[in-house]
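Residues per chain, in single letters:
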Amino acid sequence: MSLEHPLIQAAFDAAAKQYEQHAVLQKESLSRLLERLDDDHQLQPGQILDLGCGTGWAVPELLERYPQAQIIAADFAPSMIAQVPAGPQVEGRVTDAHAIDVHAQSCDLVFSNLMLQWCDETTVLQEIKRALKPGGFLHLTTMGEHTLHELKTAWAQIDDQPHVNQFVPAAQIADLTLQQGFTEVIADSEFITMTYANVVDLMRDLKNIGAHNVDHQRPRGLTSPKVIKQLTEHFAEFRTADGLYPATYELVYLRARKPGEDKGLPVKIKS
Ligand SMILES: C[S@@+](CC[C@H](N)C(=O)[O-])C[C@H]1O[C@@H](n2cnc3c(N)ncnc32)[C@H](O)[C@@H]1O
């Protein structure tokens, strides 16, 4: 687990109240991930774990798709869990994805939108595998290596400090998943570009959604007006035709399955 783990937790906990208002990208990613569930006709989950659930945005959507399911909505930020929609089939649980507070082999589906990039991938994949029943499914999104490449390039022309988080390539995520013993692993990615009126708005948005840099070698303190001006200049090559400042995200989708006997629905035996 990274040295900055408590910082990440604190940042999300503090961002919880305004999270939904600012999380445009996360909402888009969520609806694309839900579409992937719709295309996966093998899914018939009884017990779902929404890992890194945030405010529980996915909960009503999951219940609409799987009306019989029980959902554990899990997140390590208590202020996020406080907003999870209540209901007889839903339990909000404050727990860390690196040591998930669920019974081994208890889940049919682990669903996770844009959490993995904040975590130690190997540990979390091990934990997900422990939580899944044999034959259970994993569907998640995370950020790929090309995420925020414009901001990275602009900063690189100013200094060599780590201003932007490093994200793992999609192929590496797939390899790690296979190494953990998952089967039927499919990873692919697509790009989503958000645009902003200026660099300050772009960086503020990252902070509002708890997505600012938490690398322990990151430069401390506010970005000075002089540096903002430099950043703006170095962003020139990326500006859109209408003069906006882009932030491109590489959204990685991962679908995998825990090997083992799939008990599925009870089989009716004709006499
Ligand atoms: C970008 S938000 C996505 C929230 C939600 N899945 C959605 O679609 O709106 C990432 C969430 O992951 C949670 N998170 C990050 N690291 C975590 C960890 N190690 N254990 C549990 N939750 C974590 C954060 O608290 C935050 O709520």
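The structure contained in this document is the topic of the report that follows. (Residues numbered from 1 in each chain as written. Predicted model: local features only at pLDDT ≥ 70, side-chain atom pairs only at ≥ 80, totals over all residues. Heavy atoms only, no water.)

Mapped onto the fold, A58 is located in helix α3 (residues 58-65). Overall, the relative accessible area of 3% leaves A58 in the buried class. C-alpha of A58 to C-alpha of P85: the two residues are 27 residues apart in sequence and 9.8 Å apart in space. For A58, the contacting residues outside a window of four places in its chain are L30, D50 and F111. (Helix = DSSP H or I, 4+ residues; strand = E, 2+ residues; numbered from the N terminus. Buried < 20%, exposed > 50% of the residue type's maximum accessible area, 1.4 Å probe, protein only. Contact = heavy atoms within 4.5 Å.)

Moving on to the environment of L25. Tracing the chain through its elements places L25 in helix α2 (residues 24-39). When the C-alpha positions of L25 and I192 are compared, they lie 8.0 Å apart, and in sequence the two are 167 residues distant. Leave out the neighbours within four places in its chain, and L25 touches L114, M143, I192, M194 and Y249.

In this structure, Q105 takes a positive phi of about 55° despite not being glycine. Looking at the secondary structure, you find Q105 in the loop between β3 (90-94) and β4 (107-113). Even without being a glycine, L148 presents a positive backbone phi close to 60°. The topology assignment puts L148 in the loop between β5 (132-143) and α6 (149-156). Its relative accessible area of 6% is what places L148 among the buried residues.

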